[in-house]
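Take a look at the letters that make up each chain.
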Amino acid sequence: MSTAMGRIVKQVSEGTTKYYWYPGDKKEWIRAAVALGVGGAAFGLSMLLTRSLLLATVVGTSATAVVAGLNFGRRDARALAGFPDLGDRAARRAAVGHAGKAVWRALAHGFGGAAAAVLILNLPHRGAVADWILPIVPAIAGALAHQLGMLWEQLSASASTPGPASTPASEAAEAPKEPALQS
């Protein structure tokens, strides 16, 4: 089975099994649902506390953009870490596949920021802040979270060495010996 497709298997009867295919991985669909859930919860809580539809929408879309940005950033960092050496034809094909998936993630991320801006602009509001600043807040929050996700994935990756680290012989000879403590 390809990693670009997921499937749901349902046993209808003893001899009949139905397969439902969907694009993507189940984990990524769950992460998307969590991002939407976090945004919905942030919207509800903000609406409850501030009673401002404009502010609650900005907070809710920003929370969704942050969670989605973290997920996209982590996926992009993993894809970059596994990027093949471009020496042969198969490696170049794999690189094109990685780049294609990154383009789809970028389109989804950009569409989310644009959709949030349009949603915020179409709410009843007045003032320069509501017209010019608040619509771009979710896109900026998502972009910063994307970078943070990439950084987090890079920091969590462990580097391994073939053996224990040792000091070079020239430094070991020059280092003064510590006297032994006597009791």
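Residues numbered from 1 in each chain as written. Predicted model: local features only at pLDDT ≥ 70, side-chain atom pairs only at ≥ 80, totals over all residues. Heavy atoms only, no water.

Asks: Tell me about the packing of helix 2 (residues 53-81) against helix 5 (residues 137-156), and please be specific about residues and values.
Replies: Two elements in contact, helix 2 and helix 5, have axes whose closest approach is 6 Å; the angle formed by their N-to-C orientations is 35 degrees. Where helix 2 crosses over helix 5, the two elements pack in a sense that is right-handed. Taken together, the residues that form the contact of helix 2 with helix 5 break down as 14 nonpolar, 8 polar and 4 charged. (Axes fitted to C-alpha atoms, helices over the stretch in contact; angles between N-to-C directions. Helix = DSSP H or I, 4+ residues; strand = E, 2+ residues; numbered from the N terminus. Left-handed = near helix turned anticlockwise from the far one by under 90°. Nonpolar A, V, L, I, M, F, W, Y, C, P; charged D, E, K, R; others polar.)

Asks: Describe the pattern of salt bridges, with residues and values.
Replies: Applying the stated rule across the entire model yields 5 salt bridges. Here Arg-105 ties to Asp-76 by a salt bridge, and the two come within 2.5 Å at their closest N and O atoms. Of this pair, Arg-105 sits in helix 3 (residues 89-121) while Asp-76 sits in helix 2, placing them 29 residues apart in sequence. With relative accessibility at 9%, the residue Arg-105 sits in the buried group. On the accessibility criterion, Asp-76 (15% relative accessible area) is buried. The closest approach of N and O atoms between Glu-153 and Arg-78, which form a salt bridge, is 3.7 Å. Taken together, the residues Glu-153 in helix 5 and Arg-78 in helix 2 connect sequence positions 75 residues apart. On the basis of relative accessible area, Glu-153 is assigned to the buried category, the value being 15%. (Salt bridge = Lys/Arg side-chain N within 4 Å of Asp/Glu carboxyl O. Buried < 20%, exposed > 50% of the residue type's maximum accessible area, 1.4 Å probe, protein only.)

Asks: Describe unusual backbone geometry, listing the residues and the values that go with them.
Replies: A positive phi is found at Arg-51, a non-glycine position, where the angle reads about 60 degrees. Tracing the chain through its elements places Arg-51 in the loop between helix 1 (26-50) and helix 2. Under the relative-accessibility criterion, Arg-51 is labelled exposed at 64%.

Asks: Any chance you could break down the packing of helix 3 against helix 5 for me, citing the residues and the numbers?
Replies: Running from amino to carboxyl end, helix 3 crosses helix 5 at an angle of 155 degrees, the nearest separation of the two axes being 8 Å. Classed by the angle they form, the pair helix 3 and helix 5 counts as roughly antiparallel. In this structure, helix 3 meets helix 5 at a crossing whose hand is right-handed. Where helix 3 abuts helix 5, its residues His-109, Gly-113, Ala-116 and Ile-120 lie against Pro-138, Ala-139, Gly-142 and Ala-143. A breakdown of the residues in the contact of helix 3 with helix 5 according to their chemical character gives 5 nonpolar, 3 polar and no charged. (Parallel < 35°, antiparallel > 145°, perpendicular 65-115°, else oblique. Contact = heavy atoms within 4.5 Å.)

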